[in-house]
Amino acid sequence: MKPLTILFFLAITLFSCQEKEVPLTAQLIVDQAIQTSCNGLCEHATIDFTFRDRCYVSTRAKNGYTFERITADSTGVTRDILSNAGFTRFKNDTLIQVPDSMATRYSNSVNSVHYFAQLPYGLNDNAVQKELLGESTVKGNPYFEVGVTFKQEGGGTDFQDEFVYWIHKENYTVDYLAYSYETDGGGIRFREAYNVRYVDGIRFADYNNYKPQSLEVSLTDLDVLFEKGSLKLLSKIETESIGVMLPETE
C-alpha cells in the first residue's frame, strides 16, 4: 500500500472512530430533567398531596389523565375533576352543572396546582414550545436557561403565559423558574425550590414565591435580581402529605 494511501486510510479511520457530538437543545435538557425527576415513573403514577387544605389527586395512564381537587367543608365534599373529557364538578357525589366561564376558571386552577407540583413533568406536552435561551450562574451553581411558551391549540386559555426554567447543568434539576401571566391584570413571579425530597422515586419540591418591583423586567434577569435581594417574597408554595402509588408489575 502506498504511503499516501495509508495516511488517507488512517485519517478516515480516526474520523469515523470519533464520537459524534449531539447538538445540545432545550428538548434534550428537558428530557434529562424529566428523567432525573421521574425516572420513568410519572407516566403511570397516581399522586396525591395536600395544598392549602385541599386534597389533589392525579392519575396518568396511556389512555389519558385525570386531575382532581377535593374540598371538604360544612356543606359536604366538592370534587372538581379535569380530564381528557373536560371538566366536571360533583357535590356530595351529585353532578353539578357549571357555567362554561366558571368551568374554565376551575379547570385552570386545578391544572395549575398539579402542573407546578409535578414539574418538570408536563414540559413535553404537545402544546409546549421550548428554547435554549442561554446559561447562567445562580448562587455559584451553573444552569441552563430554558424558555417555554405554548401553542394556542392545546395551550389552554393561558397559552400566552411565558416561562423560564433554570436547570442545573450537572444535576439536571429544576431549581428556579420564572413566569409571566396576563390574567387578573398580569404579573411576574420567580420561584426558588427548597425542601426537595423524593417520594417513591419521584422528585418533589416546595417553592419560595417572589415578585419583582416592576413588570418592566425580562424573565431571564430575575435570577440576577434574586441574588441581589431585589425580589419581594410573597408566599410559600408547599405540598404536604405526598403519596405515590405505582401500578403493579408482573
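None of these values were measured; they are calculated from a predicted model.

A few words on the sheet that holds strand β12 (residues 202-211). An order of β7-β8-β9-β10-β11-β12-β13 is seen for the seven strands of this open sheet, with the pairing classed as antiparallel. Two strands bound the open sheet, and with one partner strand each, they are β7 (128-138) and β13 (232-237). Going from strand to strand, the sheet's axes swing by 25 degrees on average, the running direction of each strand aside. In the sheet, strand β9 (residues 162-168) pairs with strand β10 (residues 174-181) via six bridges, with the strands oriented antiparallel. Across the sheet, the residue bridging to W166 is Y176, located in β10. Set on the sheet, helix α2 (residues 26-38) makes contact with β7, β8 (141-150), β9, β11 (187-199) and β12; between it and β7 the angle comes to about 80 degrees. Each of β8, β9, β10, β11 and β12 is contacted by helix α3 (residues 100-117), which is oriented at about 20 degrees to β9, the strand it contacts most.

Another aspect to go through is the pattern of salt bridges. If charged atoms from side chains of opposite charge come close, those side chains can pair. Scanning the model with the defined rule gives eight salt bridges in all. Of the charged contacts in the structure, one is a salt bridge between R79 and E68, with a shortest N-O distance of 2.5 Å. Separated by 11 residues along the polypeptide, R79 in strand β4 (residues 76-83) and E68 in strand β3 (residues 64-73) bring together distant segments of the chain. Given a relative accessible area of 26%, R79 falls into the partly exposed group. In this structure E68 comes out as buried when scored by relative accessible area, which is 11%. A salt bridge links K169 to E135, with the shortest nitrogen-to-oxygen separation between them at 2.8 Å. With K169 in the loop between β9 and β10 and E135 in strand β7, this pair connects stretches of sequence that are 34 residues apart. The exposure class assigned to E135 is exposed, which follows from its relative accessible area of 51%. By sharing partners, the salt bridges in this structure join R69, D80 and R89 into a single network.

Another point: the side chain of N209. Within the secondary structure, N209 sits in strand β12. A distance of 3.5 Å separates the side chain of N209 from the side chain of R191, its partner in a polar contact. Those residues in contact with N209, other than ones at most four positions away along the chain, are R189, F190, R191, K232, L233, L234, S235 and I237.

Attention shifts here to α3. Under the 1.5 Å per step criterion, the end-to-end length of α3 is 26 Å for 18 residues, consistent within 8% with the ideal 26 Å. Those residues of α3 not exposed but buried are A103, Y106, S107, V110, V113, H114, Y115, F116 and A117.

By size, the foremost hydrophobic cluster in this structure holds 40 residues, and its most contacted members are F49, Y115, L119, F163, Y165, I167 and V244. The element contributing the most residues to this core is α2, with six residues. Ignoring anything within four residues of it in the chain, the contact list for F163 reads Y115, F116, V146, G147, V148, F150, A178, Y179 and L219. One finds V164, W166, Y210 and F226 within the second-largest nonpolar core, a separate group that totals 14 residues.

A separate point is the environment of L215. By secondary structure assignment, the location of L215 is in the loop between β12 and α4 (222-228). What makes L215 exposed here is its relative accessible area of 51%. Sequence-wise, L215 and R189 are 26 residues apart; in three dimensions their C-alpha atoms are separated by 9.7 Å. Among all residues touching L215, those that are not within four sequence positions of it are G187 and I188.

Turning next to the packing of aromatic side chains. One pass over the full model with this rule turns up 19 aromatic pairs. Look at Y115 and F116: their rings are 5.4 Å apart centre to centre, the planes differ by 85 degrees, and that puts the pair in the edge-to-face class. Taken individually, Y115 and F116 each receive the classification buried, so the pair is uniform in this respect. An aromatic cluster of three or more residues is present, and its members are Y115, F116, F150, F163, Y165, Y179 and Y181. Note that R89 overlies the ring of Y106, its terminal NZ or CZ placed 4.1 Å from the centroid.

About the cut-offs
- Residues numbered from 1 in each chain as written.
- Predicted model: local features only at pLDDT ≥ 70, side-chain atom pairs only at ≥ 80, totals over all residues.
- Heavy atoms only, no water.
- Pairing = 2+ DSSP bridges.
- Helix = DSSP H or I, 4+ residues; strand = E, 2+ residues; numbered from the N terminus.
- Axes fitted to C-alpha atoms, helices over the stretch in contact; angles between N-to-C directions.
- Contact = heavy atoms within 4.5 Å.
- Salt bridge = Lys/Arg side-chain N within 4 Å of Asp/Glu carboxyl O.
- Buried < 20%, exposed > 50% of the residue type's maximum accessible area, 1.4 Å probe, protein only.
- Polar contact = N/O pair within 3.5 Å; in protein donor to acceptor, adjacent residues only side chain to side chain.
- Expected span 1.5 Å × (residues − 1).
- Core = buried A, V, L, I, M, F, W, Y, C linked by side-chain atoms within 4.5 Å.
- Phe/Tyr/Trp six-rings, centres within 6.5 Å; stacked < 30°, edge-to-face > 60°.
- Lys NZ or Arg CZ within 6 Å of the ring centre and 35° of its normal.

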